[in-house]
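Reading the structure
So you can see what is in the structure, the chains are spelled out below.
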Amino acid sequence: LINKGPIDAPFTFVPSKTDVAYCFKFLPWRGNIAPGESQTIQISFNATLLGVFREGFQFKVAGCHTPVILTVKGCVDGPNLHFDVKEIDFGDVSFGFIYTRTCRLTNSSPVSLTYKLRMPQDGSGPAVSSFDQIRNNTDPSWRKGIHFYVEPKEFTMTPSRGTILPQGHQDIEVTLCSNTVMEYYRHILVDVEGYGEGILKLTIMGKCMVPKLQVFPYILLYDECRLKEPYERKFLVANKSPIPGCYGLIAQKRKEDTPVFYSSPKPCGIIQPFSVVEIPVIIEVQTVGKHSTNVL
């Protein structure tokens with residue numbers, strides 16, 4: 001502000017009530033300028049709205065009926081973020097197995113952007129992988145299935161947050177460990193600090209299935225056995241599907257009158273697509289006679 005008159009010029013900034021005006025601050029907002037002198041005004045702008053703006057700001061001068069008007073104009077651009085793919089399709093996945101896909105998030109803006117990734121439809125509890133499952137064949141989930149007190153978090157984004165420099169990018173791994181037999185159609189949302197939530201989204205698809213495994217033979221004959229001596233036979237588990245499977249020989253619930261004890265040195269494992277594995281079964285007969293026992 002410049003005082004070109006012969007007397008002092010007391011001035012006061014007149015606040016405006018428009019949405020754009022609230023984004024501006026003027027310091028000092030009042031003062032006095034001697035004749036022939038000037039006052040530097042600092043303007044601070046914190047954009048909360050996108051798009052083109054044009055705003056007139058008034059300074060009232062004591063004794064003057066006409067205010068001094070400063071017009072400020074410009075354009076606020078949103079964050080220019082984009083993924084290198086429109087969607088990620090995991091295709092057919094097997095229950096409890098871990099699958100990973102990679103995408104790239106690029107910042108084409110002239111400024112650094114701080115992002116956060118989230119999937120609102122996903123749970124928050126721990127997911128159970130098949131590799132965790134096969135560690136213990138006595139886990140109750142082998143008999144009763146996996147029960148969750150909190151919906152499992154099946155999708156993981158790494159890194160899920162960070163800052164991308166101007167014209168920079170970040171490679172992101174999207175991991176799925178499905179604990180639900182279903183078809184997925186979800187979205188990864190991108191929140192950008194200072195701009196808002198859900199600025200960008202990436203579609204995620206997939207279908208979780210459980211392969212149907214088959215056993216051969218259906219009957220294991222141990223012929224004549226001596227009491228309480230171990231005998232071993234093997235049977236086969238076949239996976240004719242294009243996805244891997246997880247199998248477990250359920251631990252036997254033994255009682256005092258159980259006629260045959262059975263166990264396996266390799267009760268659990270992973271069977272790959274279109275593969276066959278052997279499972280050894282060791283029995284110990286506890287009473288004399290002909291016995292038939294179901295192995296689950």
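What this report covers is the structure whose coordinates are included nearby.

The rules behind the values
Residues numbered from 1 in each chain as written. Predicted model: local features only at pLDDT ≥ 70, side-chain atom pairs only at ≥ 80, totals over all residues. Heavy atoms only, no water. Helix = DSSP H or I, 4+ residues; strand = E, 2+ residues; numbered from the N terminus. Buried < 20%, exposed > 50% of the residue type's maximum accessible area, 1.4 Å probe, protein only. Contact = heavy atoms within 4.5 Å. Areas by Shrake-Rupley, 256 points an atom, 1.4 Å probe, with all protein chains shown as cover. Lys, Arg positive; Asp, Glu negative; His and termini not counted. Charge placed at Lys NZ, Arg CZ, Asp CG, Glu CD. Patch = residues over 30% accessible without salt bridge, like charges linked within 9 Å, V, L, I, M, F, W, Y side chains within 5 Å. Salt bridge = Lys/Arg side-chain N within 4 Å of Asp/Glu carboxyl O. Pairing = 2+ DSSP bridges. Axes fitted to C-alpha atoms, helices over the stretch in contact; angles between N-to-C directions. Phe/Tyr/Trp six-rings, centres within 6.5 Å; stacked < 30°, edge-to-face > 60°. Core = buried A, V, L, I, M, F, W, Y, C linked by side-chain atoms within 4.5 Å.

Turning to the overall build of the chain, a few remarks are in order. Of regular secondary structure, the chain possesses 2 helices and 21 strands. Dimensions of the chain along its principal axes, counting C-alpha atoms only, are 125 × 35 × 25 Å. Here the chain, with 296 residues, has 35% of them falling under the buried criterion. Partitioning the contacts of the chain with sequence separation of at least 6, the portion at a separation of at least 24 is 68%. For the chain, the accessible area works out to roughly 18,800 Å², and carbon and sulfur atoms hold 53% of it. The distance from the centre of the 31 positive side-chain charges to the centre of the 28 negative ones in the chain is 2 Å.

This brings us to the environment of phenylalanine 59. Among the structural elements, phenylalanine 59 can be located in strand β5 (residues 51-61). Judged by its relative accessible area of 3%, phenylalanine 59 is buried. The spacing of phenylalanine 59 and tyrosine 231 is 172 residues in sequence and 100 Å in space, taken between C-alpha atoms. Apart from the residues within four sequence positions on either side, phenylalanine 59 is in contact with Leu1, Phe11, Thr12, Phe13, Phe26, Ile41, Pro67 and Val68.

Below, the discussion takes up a positive patch on the surface. Residues Arg143, Lys144, Lys253 and Lys255 make up a contiguous surface patch of positive charge. Along the chain, lysine 255 turns up in the loop between β18 (245-248) and β19 (260-263).

Taken in spatial order, the 4 strands make up an open sheet running β3-β1-β5-β6, and their pairing is antiparallel. Sheet topology places β3 (30-33) and β6 (68-76) at the edges, where each strand pairs with a single neighbour. Adjacent strand axes in the sheet meet at a mean angle of 25 degrees when their direction is disregarded. Two strands pair when backbone bridges link them, and β5 and β6 are joined in this way by 9 bridges, in the antiparallel orientation. When the bridges of β6 are listed, arginine 54 appears paired with lysine 73.

A few words now on the packing of aromatic side chains. Any two aromatic rings considered together are summarised by their centre-to-centre distance and by the angle between their planes. For the coordinates displayed, the defined rule picks out 14 aromatic pairs. Geometrically, the ring pair formed by phenylalanine 13 and phenylalanine 59 is tilted, given 5.4 Å between the ring centres and 55 degrees between the ring planes. Note that phenylalanine 13 is positioned in strand β1 (residues 9-14) and phenylalanine 59 in strand β5, a separation of 46 residues in sequence. An identical accessibility class is assigned to phenylalanine 13 and phenylalanine 59; each is buried. Note on phenylalanine 216 and tyrosine 218: the rings are 6.2 Å apart at their centroids and 55 degrees apart in plane angle, and the pair reads as tilted.

Below, the discussion takes up the nonpolar core. Core analysis: the largest hydrophobic core is formed by 28 residues, its most contacted members being Phe90 and Val174. Looking at this core, the elements with two or more residues in it are β7 (81-83), β8 (87-94), β9 (98-107), β10 (113-118), β11 (155-158), β13 (169-177), β14 (183-192) and β15 (196-209). Beyond its immediate chain neighbours, meaning those up to four positions away, valine 174 contacts Ile88, Phe90, Tyr99, Thr100, Arg101, Cys103, Phe155, Thr156, Met157 and Ile188. Counting residues in each nonpolar core, the second largest holds 14 residues, with Ala21, Phe24, Phe26 and Phe53 among its members.

This part takes up unusual backbone geometry. In this model, leucine 27 is joined to proline 28 through a cis peptide bond whose omega is -5 degrees. Mapping proline 28 onto the fold places it in the loop between β2 (24-27) and β3. The step from threonine 158 to proline 159 runs through a cis peptide bond, and the omega angle for that step is -10 degrees. Here lysine 228, not a glycine, exhibits a phi torsion of approximately 60 degrees, which is positive.

Our next topic: the sheet that holds β7. The strand order across the open sheet built from 4 strands is β7-β9-β13-β11, with neighbouring strands paired in antiparallel fashion. The open sheet terminates on both sides in strands that have one partner only, identified here as β7 and β11. When strand polarity is set aside, the average angle formed by the axes of neighbouring strands in this sheet is 25 degrees. Of the pairings in the sheet, the one linking β11 to β13 comprises 4 bridges and is antiparallel in character.

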